[in-house]
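# Inside the fold
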Amino acid sequence: MSTLLSNWSTNAQSVPANYVFPQDKRPATGDITAPVCKDIPVIDLSQLEGLDRDKIVKQIMKVNQDLGMFQVINHGVSEELMDDMMNLFKEFFNMPAEDKAMYYSEDENKGFRLYTGTLNYVKDRINKWKDSVKHTCHPLEDNIQSWPQKPARYREVVGAYSLEMRKLSLRILDLFCEGLGVELGYFADELSKQQGPLVHRYPPCPDPSLVFGVDGHTDSNLLTLLQQDIYGLQIFKNGQWLGVEPIPHAFVIIICDQLEIISNGKLKSALQRVVTNTSVARTSVVTFISPSLESIMEPIKDLVTASEPQLFKSFRFKEYFGIYTAYLREPKGPTALEAYKL
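We now turn to the structure provided with this report. If you're wondering where the values come from, they're calculated on a predicted model, not measured in any experiment.

## Some words on the nonpolar core
With 88 residues, the main nonpolar core has Phe-89, Ile-172, Phe-176 and Leu-223 as its most contacted residues. Sort the elements by how many residues they give to this core and helix H6 (residues 154–180) lands first, with 12 residues. Residues within four places of Ile-172 in sequence aside, it is in contact with Leu-45, Phe-70, Val-72, Leu-223 and Ile-253.

Right, dumping it as structure tokens:
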């Protein structure tokens, strides 16, 4: 598919019109290389088994009341597997165009999908400067047969990675259970039923001041775990965009809209974006943890009190996802979350 950025962008001398953002929505030149945010903590999960557990949990809760983001190291996912996953997708996006063509689809409901730009390249008026692979992975045995067999070891590596990310995500969610004072495993079933990788490839761009890899947004799901290779991710704090430091073999943990709702605002969904650069392709491996579509989303009842009233309406997750998708195309406020505030 000539539509895919990874097929043609290396020879691009200028940015095509359908990728250029309006003047008032473009990244400011100084924002593209914004300084790193110093307030994002790096949590060593190996220390959770020691005497500092309560201190670490309190630190995680405190930062996520404001930023909605932290990084974790010594998290139990092997460096070898993380490198395999990153290298596999670099190989995937570098495959010949004819090998990728069979996977390309503009059907947003397809189980395995390679696409470019945003949700739908044809429908969206302004596209993002990226190619993406998206598919489901949980439960593994129900999904793995639909995955590609090229590159070699795709199913082996992505399958192993998905299982490890499942374990890590539930471990992180249990830390939030501790911090919120609810029973461990609260998020373990319907609230985290959907899991899938979303892998983005951001090729070098002739003029990063005209485009976004992804413009400002919060994530619609419950929890996002991100593995990144080079600079590009930014977070909005105190009226400015700041960079998120790429730490080798760390995961960026991102609080999403449903966690803000379920926690009755005690956790904040992170406002984030991705900028591009002129020289190096960026690859990010995202793991989304989401509720089942039929799940009822509402604040935990024990967190609603006379002094801390309910902040959000109750609704089914599938309803939210529909509104969120429409919001991405036509923003009607700072975030889609605003529509559900009481």
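## Some thoughts on helix H3 (residues 79–93)
The terminal C-alpha atoms of H3, which comprises 15 residues, lie 22 Å apart, in line with the 21 Å expected from a rise of 1.5 Å per residue. Within H3, burial applies to Leu-81, Met-82, Met-85, Met-86, Leu-88, Phe-89, Phe-92 and Phe-93. The buried side chains of H3 occupy one side of the element, clustering within an arc of 155° when seen end-on.

## Thoughts on the pattern of salt bridges
When their charged atoms lie close together, side chains carrying opposite charge are able to pair. Applying the stated criterion across every chain yields a total of 15 salt bridges. Of the charged contacts, one joins Lys-167 and Glu-164 as a salt bridge, the two residues approaching to 2.9 Å between their closest N and O atoms. Of the two residues, Lys-167 and Glu-164 both sit in helix H6, three residues apart, roughly one turn of that helix. The class for Lys-167 is exposed, based on a relative accessible area of 53%. By relative accessible area, Glu-164 is classed as partly exposed at 22%.

## Details of the sheet that holds strand S3 (residues 112–116)
Judged by pairing direction, the sheet is mixed, and its eight strands sit side by side in the order S1-S2-S10-S7-S12-S5-S4-S3 without closing on themselves. Every interior strand has two partners, whereas the edge strands, strand S1 (42–44) and S3, have only one. Here the strands of the sheet are splayed against their neighbours by 25° on average, with no regard to which way each runs. Bridge count between strand S5 (residues 194–202) and strand S12 (residues 282–290): nine bridges; the pairing is antiparallel.

## A closer look at the layout of surface pockets
Its volume calculated, the second largest pocket comes out at about 200 Å³. If you go around the second largest pocket, you meet 14 residues; those closest to its centre are Thr-218, Lys-268, Ser-269, Leu-271 and Thr-335. The residue inventory of the lining of the second largest pocket, partitioned by class, reads six nonpolar, three polar and five charged.

Rules behind the numbers
- Each chain carries its own residue numbering, running from 1 in the written order of its sequence.
- Since the coordinates come from a predicted model, pLDDT governs what is reported: local features require at least 70, and pairs of side-chain atoms require 80 or more to be given and counted, while whole-chain, interface and lining totals use all residues.
- Water and hydrogen atoms play no part in the side-chain values, which are based on all heavy atoms of the structure.
- Side-chain atoms within 4.5 Å link the members of a nonpolar core, which is a set of buried Ala, Val, Leu, Ile, Met, Phe, Trp, Tyr and Cys residues.
- Accessibility here uses a 1.4 Å probe with only protein chains present; expressed as a share of the type maximum, an area under 20% marks a residue as buried, one over 50% as exposed, and anything in between as partly exposed.
- In this text, helices come from DSSP runs of H or I with a minimum length of four residues, and strands from runs of E with a minimum of two, each type numbered from the N-terminal end.
- In what follows, residue pairs with any heavy atoms lying within 4.5 Å of each other are defined as contacts.
- Here the expected length of a helix is defined as 1.5 Å per residue gap, with one fewer gap than residues.
- The arc refers to the directions leading from the helix axis to the C-beta atoms.
- We count a salt bridge whenever a side-chain nitrogen from Lys or Arg sits within 4 Å of a carboxyl oxygen from Asp or Glu.
- Pairing between two strands requires that DSSP report at least two bridges joining them.
- Every angle, taken between N-to-C directions, lies between 0 and 180 degrees, and every axis is a line fitted to C-alpha atoms, over only the stretch in contact when it is a helix.
- In this analysis, the protein atoms alone were mapped onto a 1 Å grid. Cavities are point sets where a 1.4 Å probe fits without being able to get out; pockets are open sets with protein on both sides within 12 Å along at least five of seven lines; lining residues have an atom within 4 Å of a point.
- Grid points are joined across faces, edges and corners, and a volume is the space filled by probe spheres set on the points.
- Amino acid classes used here: Ala, Val, Leu, Ile, Met, Phe, Trp, Tyr, Cys and Pro are nonpolar; Asp, Glu, Lys and Arg are charged; the rest, including Gly, are polar.

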